[in-house]
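Commentary on secondary and tertiary structure
What follows is each chain in one-letter form.
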Amino acid sequence: MKFEAALPLQSGASIRDYNLAYETYGTLNADRSNAVLICHALNASHHVAGVYAGQDKSEGWWDNMIGPGKPVDTDRFFVIGVNNLGSCFGSTGPMDTNPDTGRVYGADFPVVTVEDWVNAQARLLDALGITQLAAVMGGSLGGMQALSWTLQYPQRVRHAVVIASAPNLTAENIAFNEVARRAIVTDPDFHGGHFYEHGVLPKRGLRIARMVGHITYLSDDVMNEKFGRELREAVTDSVSGYRYSTQDVEFQIESYLRPGRQVQRVFRRQHLPADHPRLGLFRPGAQPWREPQRRAGRSFLPVPPGELHHRLALQPQAQPRDRQGPRRQPARRELRRNRCAARTRRLFAGRRALHGSDSLLFRSRRRGRSCIMSDALIQQSIARLVPQGSRVLDLGCGDGALLDLLQRERGCSGYGIELDDVNVHACVRRGVNVIQLNLDEGLTMFGDQSFDVVLQIDTLQHLRNAEVMLRETARVGRLGIVAFPNFAHWPNRLSVLRGRMPVTRRLPYQWYDTPNIRVGTHADFADLAGKNSLRVLDAFGLQEGREVRFLPNLRAGTAVFKFERG
């Protein structure tokens, strides 16, 4: 599809008269609510499923996932695969002609970011008449796009599936990318990025860059588990089994790094004139996320309540657009690739989450909020503090019960953040959007005032960086709401006077197994809020589901504060 209007880019540049290649699978329903957008990774394309007519080896890159009866079921959903700007599979990229100069773009093609891709995809959806997606899905760089959709256009996405991805790259990732980039640009055939004019490709640099990329695709543990020190071809007449060669492939890991013919065929079509560091440029916390919607000058329908089915979907007949699409979906078949590479890996609560940290948010014992905070009356009291239709971020959301209540009864939208695997799965079952994230590293992935309300309900006492997270709560949200056990409640005081740590319904743990690493009171939090220039808008206690406003520090088991940045 051709777009004549200029697309503003994050760099300040723009691109006009560009094409976006895409394919669709399935049928768009009458109210246009069953669309699923698939975002591709660095070397993939819009051809996500099926085979092209007369091309037996043209299977889509996610064919095992997308099709009739498959996890993304084409009998129920209208699936869209888009080739991103700057790619080489049909959308405008460095190999195309610059309309301003009449020459091939080459190195003059502007740097495009994840946010730019998402904005371009949004324009395509506008052209297709799709106001809201049932889901957006992607892995790796595609997962970054899916995550960015939820931040740039939250009202246009009901669900997001982010696979093997992260909100930003680590310093090590960026370093590996720089090595790969140097391999390409120092190839004699690179010609400053204008190699098309010379009729050559920097194949040698691309091969080395691909090897560097393959190293980053597996963690150290997984690489050792998969390859170890196994030899590929042992020499039978050698006692040690080694070939003692610096040129031949000796170890299995070396064969993994050597690109095969298929990879080289892809490289022949690749552009990479400057190998723009798009991954490294993606940093969601760098700017407010509502600005793209303001620029668009449109208002979108609110996210309706409901739950996406456990299995997404597609239709056997594809609807090709601009390029020849798959005429029909092939019959279900077994994945022909290495089964080990396709197996499911679970992120354990004790292992690194999205940002990666050696510290944990919650102890492994903690399966959810304390029992009292799950009471319906308590949840209703907290919910009344949240304005109707608010965009909410719930830190330490537990099983998602409060967010579910806010969605159903207050028309709210937003996310929960949780680390525990069991709670994450519970949120998914409830239809609550959840990000598995370690809060000890802060909220750098979110811009200032990205949310109307940020909740810390029964979370503050578990945080190692409680004061930092309080400031982050006030930064990310226009309003902050905090609730935590009030250690100054009179039964707790009585227990201490008796020489015992309190064990109550609100504090049900023994001193030796409690997940609470902070012990605070209603009065203590008021002092902390003043120290951090927070303006308290409301403060009270909760006891057995009732609000306590007279002497809450003494008479309430739970302290509740509503505040904003002063």
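Residues numbered from 1 in each chain as written. Predicted model: local features only at pLDDT ≥ 70, side-chain atom pairs only at ≥ 80, totals over all residues. Heavy atoms only, no water.

What follows is about helix H13 (residues 421-430). Listing the buried residues of H13 in full gives Asp 421, Asn 423, Val 424, Ala 426 and Cys 427. Buried residues along H13 sit against strand S15 (413-418) and strand S16 (434-436). The opening residue of H13, the one whose side-chain oxygen lies 3.0 Å from the backbone nitrogen of Val 422, is Asp 420. Trailing H13 by a residue or two, Gly 431 shows a phi angle of about 80°, which is positive. (Buried < 20%, exposed > 50% of the residue type's maximum accessible area, 1.4 Å probe, protein only. Helix = DSSP H or I, 4+ residues; strand = E, 2+ residues; numbered from the N terminus. Contact = heavy atoms within 4.5 Å. Polar contact = N/O pair within 3.5 Å; in protein donor to acceptor, adjacent residues only side chain to side chain.)

As a packed pair, helix H3 (residues 171-185) and helix H4 (residues 203-217) sit with axes 7 Å apart at the nearest point and diverge in direction by 165°. Judged on the interaxial angle alone, H4 and H3 are roughly antiparallel. Relative to H4, H3 is oriented so that their crossing is right-handed. Along its contact with H3, which presents Phe 176, Val 179, Ala 180, Ala 183 and Ile 184, the element H4 presents Gly 205, Leu 206, Ile 208, Ala 209, Val 212, Ile 215 and Thr 216. (Axes fitted to C-alpha atoms, helices over the stretch in contact; angles between N-to-C directions. Parallel < 35°, antiparallel > 145°, perpendicular 65-115°, else oblique. Left-handed = near helix turned anticlockwise from the far one by under 90°.)

This brings us to the sheet that holds strand S17 (residues 451-457). On the basis of which strands lie adjacent, the open sheet formed by 8 strands has the order S16-S15-S14-S17-S18-S21-S19-S20 and mixed pairing. In this open sheet, the two edge strands, each paired with only one partner strand, are S16 and strand S20 (546-548). Between one strand and the next, the sheet's axes are offset by a mean angle of 25°, whatever the strand orientation. Contacts between H13 and the sheet are confined to S15 and S16, with S16 contributing the most and set at about 160° to the helix. On top of the sheet, helix H14 (residues 466-476) reaches strand S14 (391-395), S17, strand S18 (477-485), strand S19 (534-543) and strand S21 (558-565); it is set at about 145° to S18, its chief contact. (Pairing = 2+ DSSP bridges.)

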